[in-house]
Each structure stands twice: as C-alpha cells, then as structure tokens.
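Given next are the chains, with one letter for each unit.
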Amino acid sequence: MIALLFFNIAYTQCSSQSLQNLSLTLVSDQNDESLRKWKESLGLGAGKDISDPNDPRKCIILSLGLEVEGRPDIIIDLKQPGAVDALKNKPFTIKEGATFRMKAQFKVQHQILSGMKYVQVVKRMGVPNKMQEMIGSYSPNTEEKPFYEKKFEPETAPSGMIARGHYNAISKFIDDDHQTHLKFEWSFDIKKDW
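Read on for a plain summary of the structure. (Residues numbered from 1 in each chain as written. Predicted model: local features only at pLDDT ≥ 70, side-chain atom pairs only at ≥ 80, totals over all residues. Heavy atoms only, no water.)

1. Focus: the overall build of the protein
Moving on, step 1. When helices and strands are tallied, the protein shows four helices and 10 strands.
Moving on, step 2. In the protein, the order of α-helices and β-strands from amino to carboxyl end is α-α-α-β-β-α-β-β-β-β-β-β-β-β.
Moving on, step 3. Taken over 194 residues, the protein has a buried fraction of 39%.
Moving on, step 4. Taken as a whole, the protein presents about 11500 Å² of accessible surface, with 53% of it coming from carbon and sulfur. (Helix = DSSP H or I, 4+ residues; strand = E, 2+ residues; numbered from the N terminus. Buried < 20%, exposed > 50% of the residue type's maximum accessible area, 1.4 Å probe, protein only. Areas by Shrake-Rupley, 256 points an atom, 1.4 Å probe, with all protein chains shown as cover.)

Shown next, in the form of structure tokens:
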C-alpha cells in the first residue's frame, strides 16, 4: 500500500519536476529496503541523467530492426534524415514461412515513460490485421544505460501462393498517456525466397 501511494506521488511529481529533483525527493526513504529495491527496478537514482534539455520529447525511437536466424539483421537507423519516410518506399523482403522478430532501440528522457506499446496494422488487398505488443515502463536513460532495446515476440511469416505478395503497414509507439512517440508507414514483401 505504501509503495502504491509512493508511486502515485512519484508519478505526479515526475510530471512537474525534473528527474534530478525527484531523485532528491526520493533520498529521504533510504532506510526502507523494499522501497529502495522498487525504485532501483525503475532505474530511479541510478546514474547521471542524459536527457537533452533542448529536446522536449519523452521518448525517441533510435532504430528499428528485423532479426531472422541465419541472416544478418536489417537495421534502420532512424537518427538519419529521411529514414522514416524511406520505410514506406523500400519494402523489407521476408521469405514465406520464415521466423523473424522485430526489435527497437529507444531513449527515454525527462520523466518516466509509462506503459509504452507498439501497435501495428498490416493490410493486404484491403484486409487489415492488427497486432499490439507491450514494451513496458522505463525511467530516463543514464550514462550507464544510454538506450533501451526491446526485442518483440518471434513471428512466422505466412506461406503459400496466396500469402505471397506486397503488404502495407502503419505502426506506432504509444504510451499510457496516449502520446504517440513515432508513427510511420512501411511495407514488406512475402516471397518464395530471399
């Protein structure tokens, strides 16, 4: 009960104070072992905050990747100008029946990021398929932990003649506050071979 009350107070304070001020506030309960462990699990008070004071974004998606066993990873560096726009016009190729997984690297700054999830709608011939994956809650990055990486659950590409073809997708990273951190269109082709 105390931890829940503390979380509500800390979450409210995060909205109005910098993480540094919050860390000073949290020092007062050093003698509570369970509270200390809970704060450590959130990453609070562990290292120097590296938030950019000139960048108001709470979450910055740094890169997206596609992992396929036995093949080199495909990494899209979203820090490069035009990288997000290029996703729509340069489709990934995925071999039918192949097992793959997506991954994302991201940076959190200024305050705790609560309940981020990845939402994707894939369409082929006008038929939508929606999927969602919970990414989690994260504290602002520090010098010791300059970014986070989330590997999504493995998926298997559809197979067969009907499944082959071009797919369009719209994806977004959104948090519990309904703030969209990145929304982008992209496409992929399911082919008989790589």
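That covers the picture; the talk isn't over yet.
2. Quick word on empty space enclosed by the protein
Moving on, step 1. Taken as a whole and assessed by the stated rule, the structure comprises one cavity of 30 Å³ or more.
Moving on, step 2. Put simply, the largest cavity is a space of about 100 Å³.
Moving on, step 3. If you trace the largest cavity, you find it lined by Leu64, Gly65, Leu66, Leu87, Phe92, Ile94, Phe100, Met102, Phe184 and Trp186.
Moving on, step 4. Residue classes in the lining of the largest cavity are distributed as nine nonpolar, one polar and no charged. (1 Å grid on protein atoms, 1.4 Å probe; cavity = no way out; pocket = protein on both sides within 12 Å on 5 of 7 lines; lining within 4 Å. Points joined across faces, edges and corners; volume = space filled by probe spheres on them. Nonpolar A, V, L, I, M, F, W, Y, C, P; charged D, E, K, R; others polar.)

3. Details of the packing of aromatic side chains
Moving on, step 1. The full count for this structure, using the stated rule, is eight aromatic pairs.
Moving on, step 2. Relative to Tyr148, the ring of Phe106 lies with its centre 5.7 Å away and its plane at 35°, an arrangement referred to as tilted. Here Phe106 is found in strand E4 (residues 99–108), whereas its partner Tyr148 is found in strand E7 (residues 148–151), with 42 residues between them in sequence.
Moving on, step 3. Classification of Phe106 as buried rests on a relative accessible area of 0%.
Moving on, step 4. Geometrically, the ring pair formed by Tyr118 and Phe173 is tilted, given 5.1 Å between the ring centres and 55° between the ring planes. With Tyr118 in strand E5 (residues 113–124) and Phe173 in strand E9 (residues 165–174), this pair connects stretches of sequence that are 55 residues apart. Across this residue pair, the class does not change: Tyr118 and Phe173 are buried. (Phe/Tyr/Trp six-rings, centres within 6.5 Å; stacked < 30°, edge-to-face > 60°.)

4. Looking at the side chain of Ser171
Moving on, step 1. Examined against the element boundaries, Ser171 turns out to sit in strand E9.
Moving on, step 2. Classification of Ser171 as buried rests on a relative accessible area of 0%.
Moving on, step 3. Within the structure, Ser171 has its side chain in polar contact with the side chain of Tyr118 (distance 2.8 Å).
Moving on, step 4. Each residue touching Ser171, except ones within four places of it in the same chain, is listed here: Tyr118, Val119, Gln120, Leu182, Lys183, Phe184 and Trp186. (Polar contact = N/O pair within 3.5 Å; in protein donor to acceptor, adjacent residues only side chain to side chain. Contact = heavy atoms within 4.5 Å.)

5. A short note on the pairing of E4
Within a regular strand, side chains alternate between the sheet's two faces.
Moving on, step 1. Of all 10 residues in E4, seven are buried; the element is thus mostly enclosed.
Moving on, step 2. As defined by bridge partners, E4 adjoins strand E8 (residues 155–156) across two bridges and the pair is classed as antiparallel. Each residue of the ladder has a partner; that of Phe100, found in E8, is Glu155. (Pairing = 2+ DSSP bridges.)

6. Examining the sheet that holds strand E6 (residues 127–138)
Moving on, step 1. On the basis of which strands lie adjacent, the open sheet formed by five strands has the order E3-E10-E9-E5-E6 and mixed pairing. This sheet does not close on itself; its edge strands, each paired only once, are strand E3 (92–95) and E6. With direction set aside, neighbouring strand axes in the sheet form an average angle of 25°.
Moving on, step 2. Where E5 lies against E6, 10 bridges are found, and the strand directions are antiparallel. In the strand pairing of E6, Val119 is matched with Gln132. (Axes fitted to C-alpha atoms, helices over the stretch in contact; angles between N-to-C directions.)

7. Let's talk about the pairing of E9
Moving on, step 1. Relative to E9, E5 is paired through seven bridges, and the arrangement is antiparallel. Bridge pairing links Val121 to Ile170 in E9.
Moving on, step 2. Bridge count between E9 and strand E10 (residues 180–191): 10 bridges; the pairing is antiparallel. The partner of Asn168 across the bridge, within E10, is Ser187.
Moving on, step 3. From the end of E9 to the start of E10, which pair antiparallel, there are five residues, and His178 there has a positive phi angle of about 65°.

Keep in mind that these numbers describe shape and distance, not what the molecule does.
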